[in-house]
Amino acid sequence: MEELKKTVAMEALSFVEDDMVIGLGTGSTTSYFLKFLGDRIREEELEIYGVPTSHQSRLLALEYGIPIRALDEVDAIDIAVDGADEVDPNLNLIKGRGAALTMEKIVEYRAGTFIVLVDESKLVNRLGEKMPVPVEVIPAAWRAIAEEIEVFNARAELRMAKKKDGPVITDNGNFILDVKFERIDDPLDMEIELNTIPGVVENGIFADIADIVLVGTPQGVKKLER
């Protein structure tokens, strides 16, 4: 699996050009891309800036020698590169297992081209088959939001931390609810509906946003395009 991640991350470098501003995603596959990008910047003396989507991607960018800029310091983002937890046949995504979904969606929505890196185990027939939908919420409202979500025939659980007591805290200081749906027939509609609940900051459905999905398989990298 790690070799597949490395292979698909290396393939993503083919979209990188000099003088680009690149949105830097979060997660295990994207971390390989950041390392390879740093190597290429150093070896080819490229002038590239990265816009991190999380503390993790910022720290890795600094470690690998990728110059970084804040979102409000750039006029445009040429490409964004990130992973996903699920990808459906229409290239709709579930993201947010790393709890960085809000900044990821902001950066990737602004990108000229959003490139997603996954292995074939992330491909599903319908969103929600394997993974819950992460929802970032204001801490004081989490229980009320969890109850409100039940109207969608779904069950929400507060995500608890594994190496600290209490819940996971996002980079924005919020909580994460992991929402398991019976089925999601219309990802775009559900994405919009969830965000209308007062106290919801953002949710992990990324509908109609991915332009290219690079899928790592034992036979090589498969390219899916919208």
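Residues numbered from 1 in each chain as written. Predicted model: local features only at pLDDT ≥ 70, side-chain atom pairs only at ≥ 80, totals over all residues. Heavy atoms only, no water.

- For the protein, the name recorded in an unreviewed UniProt entry is Ribose-5-phosphate isomerase A, with Thermococcus gorgonarius as its organism.
- Taken directly from UniProt, the Function (unreviewed entry) text for the protein runs: "Catalyzes the reversible conversion of ribose-5-phosphate to ribulose 5-phosphate."
- According to its UniProt record, the protein has this under Sequence similarities (unreviewed entry): "Belongs to the ribose 5-phosphate isomerase family." (UniProt positions renumbered as here; feature names shortened; annotations may be inferred.)

1. Things to note about the packing of helix α1 (residues 2-12) against helix α2 (residues 28-44)
Then, number 1: Relative orientation of the contacting elements α1 and α2 amounts to 50°, with a least axis distance of 8 Å. In terms of orientation, α1 and α2 fall into the oblique class. Like other packed secondary-structure pairs, α1 and α2 cross with a definite hand, here right-handed. Judged by residue contacts, E2, K5, K6, V8, A9, M10 and A12 of α1 engage S28, T29, Y32, F33 and F36 from α2.
Then, number 2: Partitioning the contact of α1 with α2 into residue classes produces seven nonpolar, two polar and three charged. (Axes fitted to C-alpha atoms, helices over the stretch in contact; angles between N-to-C directions. Helix = DSSP H or I, 4+ residues; strand = E, 2+ residues; numbered from the N terminus. Parallel < 35°, antiparallel > 145°, perpendicular 65-115°, else oblique. Left-handed = near helix turned anticlockwise from the far one by under 90°. Contact = heavy atoms within 4.5 Å. Nonpolar A, V, L, I, M, F, W, Y, C, P; charged D, E, K, R; others polar.)

2. Details of the environment of L93
Then, number 1: Locating L93 in the fold gives a position in strand β5 (residues 93-94).
Then, number 2: Residues L93 and G173, 80 residues apart in the sequence, show an inter-C-alpha distance of 24 Å.
Then, number 3: If sequence neighbours within four positions are ignored, L93 has contacts with A84, E86, V87, F114, V116, L127, G204, I205, F206 and A210.

3. Concerning the UniProt feature "active site" (unreviewed entry) in the protein
Then, number 1: Here the UniProt feature "active site" (unreviewed entry) sits at E104.
Then, number 2: As for its position among the elements, E104 is in helix α4 (residues 101-110).
Then, number 3: We classify E104 as buried; its relative accessible area is 4%.
Then, number 4: Filtering out sequence-adjacent residues up to four positions away, E104 remains in contact with T26, T53, D82, K95 and F206.
Then, number 5: Separated by 3.3 Å, the side chains of E104 and K95 make a polar contact. (Buried < 20%, exposed > 50% of the residue type's maximum accessible area, 1.4 Å probe, protein only. Polar contact = N/O pair within 3.5 Å; in protein donor to acceptor, adjacent residues only side chain to side chain.)

4. A few points about the packing of aromatic side chains
Then, number 1: Using the criterion set out here, one finds zero aromatic pairs in the structure.
Then, number 2: Between K95 and the ring centre of F206, over which it is positioned, the NZ or CZ distance is 5.5 Å. (Phe/Tyr/Trp six-rings, centres within 6.5 Å; stacked < 30°, edge-to-face > 60°. Lys NZ or Arg CZ within 6 Å of the ring centre and 35° of its normal.)

5. Thoughts on the sheet that holds strand β12 (residues 212-217)
Then, number 1: Taken in spatial order, the six strands line up as β2-β1-β3-β6-β12-β13 in an open sheet, and their pairing is mixed. In the strand order of this sheet, the two ends are held by β2 (49-52) and β13 (220-225), each with one partner. Averaged over all pairs of adjacent strands, the angle between strand axes in this sheet comes to 25°, irrespective of strand direction.
Then, number 2: Sheet contacts for α1: β3 (77-83), β6 (111-119), β12 and β13; angle to β12, the most-contacted strand, approximately 145°. (Pairing = 2+ DSSP bridges.)

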